Amino acid sequence: MIKIDLTKEKYSFDELVELVSFLTSEHGCPWDKVQTHNSIRGNMLEEANEAVEAIDSGDMDNLKKELGDVLLQSVLHSDIAKRAGEFDIGDVISSLCKKIINRHTHVFGSDKAYSAEEAMEFWKKAKKEGK
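Residues numbered from 1 in each chain as written. Predicted model: local features only at pLDDT ≥ 70, side-chain atom pairs only at ≥ 80, totals over all residues. Heavy atoms only, no water.

Let's shift gears to the environment of Leu45. Structurally, the position occupied by Leu45 is in helix α2 (residues 41-57). The class of Leu45 is partly exposed, set by a relative accessible area of 47%. In this structure the C-alpha to C-alpha distance between Leu45 and Gln73, which are 28 residues apart in sequence, comes to 9.6 Å. (Helix = DSSP H or I, 4+ residues; strand = E, 2+ residues; numbered from the N terminus. Buried < 20%, exposed > 50% of the residue type's maximum accessible area, 1.4 Å probe, protein only.)

As structure tokens, this is what we get:
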């Protein structure tokens, strides 16, 4: 059974992960538990596009909702991978943090950037070297 309060006003990231995990469990939602990376591939694109539309319109309430939908896609894909023994959300977060650190050589390394343009050049260089 799910261990989080279903009536809260605010939830944590860990509670989101637990909620998705419950939905894809044997006691969860019949639709959620049969999804695959391929079956929800289009959802990722749709939600990202809707987030961009909210940015373009300047609608912050809608952006908040659409960013939640994009986050849900990331958590759901991570849950699918976890059930397949491939990776979990912790691996996704670790990979992202390492990428951020490695690409910010002007913040966490010896490079020095004094403008946004210089920072972007170091970012591009680090990205190219990381490929």
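Regarding helix α1 (residues 13-23), the residues found buried are Glu15, Val20 and Phe22. With its buried residues spanning 160° around the axis, α1 presents them on a single face. Each element contacted by the buried residues of α1 is listed here: α3 (60-83). (Arc of directions from axis to C-beta. Contact = heavy atoms within 4.5 Å.)

This part is about the nonpolar core. Note on soluble globular proteins: their nonpolar side chains tend to be buried together. Listed in full, the six residues of the largest apolar core are Val20, Ile40, Val75, Leu76, Ile80 and Ile89. Beyond its immediate stretch of four places on either side in the chain, Leu76 contacts Val20, Thr24 and Ile40. (Core = buried A, V, L, I, M, F, W, Y, C linked by side-chain atoms within 4.5 Å.)

As a further point, take the packing of α1 against α3. The contact between α1 and α3 brings their axes to 10 Å, and the two run at 55°. With respect to α3, the axis of α1 lies oblique. Here the hand of the crossing between α1 and α3 comes out right-handed. For the pair formed by α1 and α3, the contact residues are Phe13, Leu16, Val17, Val20 and Ser21 on the first element and Leu71, Leu72, Val75, Leu76 and Asp79 on the second. (Axes fitted to C-alpha atoms, helices over the stretch in contact; angles between N-to-C directions. Parallel < 35°, antiparallel > 145°, perpendicular 65-115°, else oblique. Left-handed = near helix turned anticlockwise from the far one by under 90°.)

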